[in-house]
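Commentary on secondary and tertiary structure
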Amino acid sequence: MEIKKAAIFFNPSRESCAAAADALAQAAQKSGINYYFADYSASLNDVEKDTDIIFSVGGDGTILKTARAAAKSNIKILGINAGHLGFLAAAERGLDFVKLFEDIKKDNFISQRRMMLNCRVYRQGREVFGDLALNEAAVRAVSPRSVKLSAQYCSLPIKEYTGDGILAATPTGSTAYNLAAGGPIAMPELDVFILTPICPHTLNQRPLLLPSAGELRVKVMSEKSQSDAALSLDGQINFPLDCGDEISIKNYEGGVNILFPKGYDFFNILSIKLKWDSR
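Residues numbered from 1 in each chain as written. Predicted model: local features only at pLDDT ≥ 70, side-chain atom pairs only at ≥ 80, totals over all residues. Heavy atoms only, no water.

1. Some points on the nonpolar core
Residues Leu231, Leu241, Ile247 and Ile249 are the most contacted members of the largest nonpolar core, which totals 30 residues. Membership of the second largest hydrophobic core comes to 28 residues, among which are Ala69, Ile77, Tyr252 and Tyr264. (Core = buried A, V, L, I, M, F, W, Y, C linked by side-chain atoms within 4.5 Å. Buried < 20%, exposed > 50% of the residue type's maximum accessible area, 1.4 Å probe, protein only.)

2. What to know about the packing of aromatic side chains
Tallied over the entire structure, the rule returns 7 aromatic pairs. Measuring from ring centre to ring centre gives 5.4 Å for Phe55 and Phe101, while their planes differ by 75°; the resulting arrangement is edge-to-face. One end of the pair, Phe55, is in strand β3 (residues 53-58); the other, Phe101, is in helix α3 (residues 97-105), and 46 residues separate them in sequence. Across this residue pair, the class does not change: Phe55 and Phe101 are buried. Taken together, the ring pairs in this structure connect Phe10, Tyr35 and Phe37 into an aromatic cluster. Positioned over the ring face of Tyr40 is Lys65, at 3.8 Å from the centre of the ring. (Phe/Tyr/Trp six-rings, centres within 6.5 Å; stacked < 30°, edge-to-face > 60°. Helix = DSSP H or I, 4+ residues; strand = E, 2+ residues; numbered from the N terminus. Lys NZ or Arg CZ within 6 Å of the ring centre and 35° of its normal.)

3. Things to note about the environment of Ile53
Residue position: Ile53 is located in strand β3. In the structure, Ile53 is positioned 49 residues away from Lys4 in sequence and 8.9 Å away in space, judged by C-alpha atoms. Leaving out residues up to four positions away in the same chain, Ile53 has contacts with Met1, Ile3, Lys5, Ala6, Ala7, Ile75, Lys76, Leu78, Ile104 and Leu259. (Contact = heavy atoms within 4.5 Å.)

4. Examining a nonpolar patch on the surface
Together, Leu85, Leu179 and Leu274 make up a nonpolar patch on the protein surface, roughly 200 Å² of accessible area in all. Within the secondary structure, Leu179 sits in helix α4 (residues 177-180). (Patch = residues over 30% accessible without salt bridge, like charges linked within 9 Å, V, L, I, M, F, W, Y side chains within 5 Å. Areas by Shrake-Rupley, 256 points an atom, 1.4 Å probe, with all protein chains shown as cover. Salt bridge = Lys/Arg side-chain N within 4 Å of Asp/Glu carboxyl O.)

5. Structural notes on empty space enclosed by the protein
In this approach the atoms are scanned with a rolling probe the size of a water molecule, which exposes any empty space left behind. Per the stated rule, a full pass over the model turns up 1 cavity of 30 Å³ or more. The space that makes up the largest cavity amounts to roughly 40 Å³. In terms of lining residues, the largest cavity is bounded by Phe87, Leu88, Arg114, Pro171, Thr172, Thr175, Pro188, Tyr264 and Phe266. Of the residues that constitute the lining of the largest cavity, the class distribution is 6 nonpolar, 2 polar and 1 charged. (1 Å grid on protein atoms, 1.4 Å probe; cavity = no way out; pocket = protein on both sides within 12 Å on 5 of 7 lines; lining within 4 Å. Points joined across faces, edges and corners; volume = space filled by probe spheres on them. Nonpolar A, V, L, I, M, F, W, Y, C, P; charged D, E, K, R; others polar.)

By themselves these figures say nothing about function.
See the structure below:
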């Protein structure tokens, strides 16, 4: 892969991220690659159109933030873990970044398309909010009270959910909030919605796998004027919901492209990061 211009995206308030970003910039300069630091506070709204790659330096949260902007601009992402888990990272801080650039040029990295969610909120038939999510869209209570939600897929009712809420996860997000809520792990290559209830007030509701070709709609059902519910995208963007609001969740066409080393092994990552084989 040829790199003419690279964006380096990191949280400057975190010392480990700033140090890794600085080392990456020095390596880019030695490799003759034009680079710039993207503004973290602007959430990559300043990304330049001729950017070939965005280096996301930090934890998985930084990659989630990067993905929303990169998907809209069709720019590849390479994650460098300077955080804790680093489930989506292709490299760790402390790596020889000059060699990293050489490996990218030699096509020793592969691009994986990861599914993203296109989420829209409709209030009395009018769109009032919209954005993307890489991991999940969660419709959940914002106070320690249960919420009542109805869901339908391709106009077919799935019935009602009462509890802390429900979440629609991508396969990428299957190892995040979805996993903690008791949902299944899915291979990243799949194109499915994973619909998982959050602390349901029943023993009968279980996660569902739905083809991503259809539309999933969730409606807030409440007898109160205030719904006590919100839409949360990747745990980073939160939009308050009113009673009667409908959330449309679709597969975002094109998704986002994330770079991983050749030989990337999803099951090995499960073993390393989530201690899959520990006893």
